[in-house]
Amino acid sequence: MCGTIACVKNFDSLFAELTQKMQDRPEGSGTVAAIEKGVHHLGKKVIEEAGEVWIAAEYQSDEELAEEMSQLLYWLQTIMIARGLTPEDLYKYL
């Protein structure tokens, strides 16, 4: 937990948090429920969020665009977890 100091997440810390949620499986977790629905469900969310990023890039503020981009990263990471990939699996292609 971050206490009174605002948490600043990055790609790796978000991935660690989501991975831990899947291990702990807290009751009522939307992340756990989404991943359990499978890659098809997650892929639809990725497509939806990618569209929202595009629209935000065209018509919204930088702050709104950044928020949409963060949601896209979240959904991409759920697919990574569902498929057993790690950030290192991606980094070798960057």
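What comes next is a walk through the structure. (Residues numbered from 1 in each chain as written. Predicted model: local features only at pLDDT ≥ 70, side-chain atom pairs only at ≥ 80, totals over all residues. Heavy atoms only, no water.)

**Remarks on the pattern of salt bridges**
Under the counting rule described, the total for this entry stands at 4 salt bridges. Of the charged contacts, one joins Glu17 and Lys21 as a salt bridge, the two residues approaching to 3.9 Å between their closest N and O atoms. Separated by 4 residues within a single helix, Glu17 and Lys21 lie in helix α1 (residues 11-24), roughly one turn from each other. For Lys21, a relative accessible area of 29% gives the class partly exposed. What you see here is one network of salt bridges that share partners, running through Lys9, Glu17 and Lys21. (Salt bridge = Lys/Arg side-chain N within 4 Å of Asp/Glu carboxyl O. Helix = DSSP H or I, 4+ residues; strand = E, 2+ residues; numbered from the N terminus. Buried < 20%, exposed > 50% of the residue type's maximum accessible area, 1.4 Å probe, protein only.)

**A short note on the packing of α1 against helix α4 (residues 62-83)**
The geometry of α1 relative to α4 is characterised by a closest axis approach of 10 Å and an angle of 50° between their N-to-C directions. In this view, α1 runs oblique relative to α4, as classed from their interaxial angle. Crossing of α1 over α4 shows right-handed handedness. Across the interface between the two elements, Phe11, Leu14, Phe15, Leu18, Thr19 and Met22 of α1 pack against Leu73, Tyr74, Gln77, Met80 and Ile81 of α4. Partitioned by chemical class, the residues of the contact of α1 with α4 number 9 nonpolar, 2 polar and no charged. (Axes fitted to C-alpha atoms, helices over the stretch in contact; angles between N-to-C directions. Parallel < 35°, antiparallel > 145°, perpendicular 65-115°, else oblique. Left-handed = near helix turned anticlockwise from the far one by under 90°. Contact = heavy atoms within 4.5 Å. Nonpolar A, V, L, I, M, F, W, Y, C, P; charged D, E, K, R; others polar.)

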